[in-house]
Amino acid sequence: MLVLTRRPGESIVIGHDIRVTVLEVRGDQIRVGIDAPRAVKVHREEVYREIKQTNTEAVASAARASEFLRRGGPPRPPRQTP
Amino acid sequence: MSDPATDPSDTDEQVLVFPEGIPGFPDARRWVLNDLVDDGAFQLLQSLDDPDLAMVVGVPWLFFPDYAPELPEPERRELGIERVEDAVVFCSVSIPEGGGTPTMNLLGPFIVNRHTRVGRQVVLESSTDAVRAPLPLGA
């Protein structure tokens, strides 16, 4: 991991298109601003990690889940005609 | 390659393309949906790039009628989704290893443009949608 020290107001540039700015430090919280192209998605790490983990769990339980559904699965509301 | 929107005889019309893969599986870009049950509530999302990669997905509103995912503007534009009807939305289903209540990932729905068949798994900015929402199993 590359480690840099910044003061509020200072920035870090990643690649050519991404800039991370330390906006404010308040107690044990740091406010960070990110400039990035629209195509680059930015997420809180723990949220992204949870999505990844849940995908892995879904893949691992695909056989189990398919079997559960073949045996009837959860009750559903009656199908609406479109 | 024929345009899937206008050539229904082309079997490639069933292929969904996720240009960035999905979180955890960034190289899995081509997928198909296979029916699992008669009423269409659940399908198997199967990777064409890796035969071992598949997951059950379901229609969230059947179980969570108030589910209202807000598609962030940049993603909406990227997918070319202008109206609600342009989008196909489904969420992954997991069952914990020891058995137990199946859960649905409402925080990371799959959103596909129904005309272009291009989609992605969107990470919502919501604080109320659970990544493991228990499927209501009661009567």
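Preceding this paragraph is the structure being described.
Calculation notes
- Sequence order as written defines residue numbering, which begins from 1 separately in each chain.
- The lettering of chains begins at A and the numbering of ligands begins at 1, in the order of writing.
- Predicted model: local features are reported for residues with pLDDT of at least 70 only, side-chain atom pairs are reported and counted for 80 or more only, and whole-chain, interface and lining totals are derived from all residues.
- Hydrogens and waters are ignored; side-chain quantities use all the structure's heavy atoms.
- Each patch is built from salt-bridge-free residues with over 30% relative accessible area, joining like charges within 9 Å and nonpolar side chains (Val, Leu, Ile, Met, Phe, Trp, Tyr) within 5 Å.
- Note on areas: Shrake-Rupley with a 1.4 Å probe; residue coverage comes only from the protein chains shown.
- For this document, the term salt bridge refers to a Lys or Arg side-chain nitrogen within 4 Å of an Asp or Glu carboxyl oxygen.
- Secondary structure elements follow DSSP: runs of H or I no shorter than four residues count as helices, runs of E no shorter than two count as strands, and numbering proceeds from the N terminus.
- When accessible area is computed with a 1.4 Å probe and restricted to protein chains, residues below 20% of their type maximum are described as buried, those above 50% as exposed, and intermediate ones as partly exposed.
- Note on contacts: a residue pair is in contact if any heavy atoms of the two residues lie within 4.5 Å.
- Defined in terms of a 1.4 Å probe, buried area is the accessible area two parts forfeit on being brought together, summed over both.
- We call two N or O atoms a polar contact when they sit within 3.5 Å, provided that within protein one can donate a hydrogen and the other can accept it, with sequence-adjacent residues counted only if both atoms are side-chain atoms.

Participant: Explain a nonpolar patch on the surface residue by residue, including any values.
Facilitator: All names here are of chain A. Taken together, the side chains of Val25, Ile30, Val32, Ile34, Val40 and Val42 present a nonpolar region at the surface, about 490 Å² in accessible area. Of all the elements, strand S3 (residues 29-35) adds the most residues to the nonpolar patch, at three residues. Along the chain, Val42 falls in the loop between S3 and helix H1 (45-60). What makes Val42 partly exposed here is its relative accessible area of 46%.

Participant: Now, about the interface of chain A and chain B: what can you tell me, with residues and values included?
Facilitator: At the interface, 29 residues of chain A touch 43 residues of chain B. Buried area between chain A and chain B, both sides added, is near 3,000 Å², and the carbon and sulfur share of it is 64%. Taken together, the links from chain A to chain B amount to three salt bridges. In this structure, Arg132 of chain B and Glu57 of chain A form a salt bridge, with 3.0 Å as the shortest nitrogen-oxygen distance. Inspection of the region where chain A meets chain B yields nine residue pairs in polar contact (both at pLDDT 80 or more). Counting residues per element, the ones that place at least two in the side of chain A that touches chain B are H1 and helix H2 (62-70) of chain A. Looking at which element gives the most residues to the side of chain A that touches chain B, the answer is H1 of chain A, with 12 residues.

Participant: Got a sec to walk through unusual backbone geometry? Specific residues and values, please.
Facilitator: The phi dihedral of Arg117 of chain B is positive, around 65 degrees, even though this residue is not glycine. For Arg117 of chain B, the position within the fold is in the loop between strand S7 (110-113) and strand S8 (119-121).

Participant: Which residues make up the pattern of salt bridges, and what values do they have?
Facilitator: This structure, assessed with the given rule, holds 15 salt bridges over all chains. One salt bridge connects Asp27 of chain B with Arg29 of chain B, and the closest N-O pair in it is separated by 3.8 Å. Assessed through its relative accessible area of 57%, Asp27 of chain B is described here as exposed. A relative accessible area of 37% places Arg29 of chain B in the partly exposed class. The network of salt bridges with common partners includes Glu50 and Glu57 of chain A together with Arg132 of chain B.

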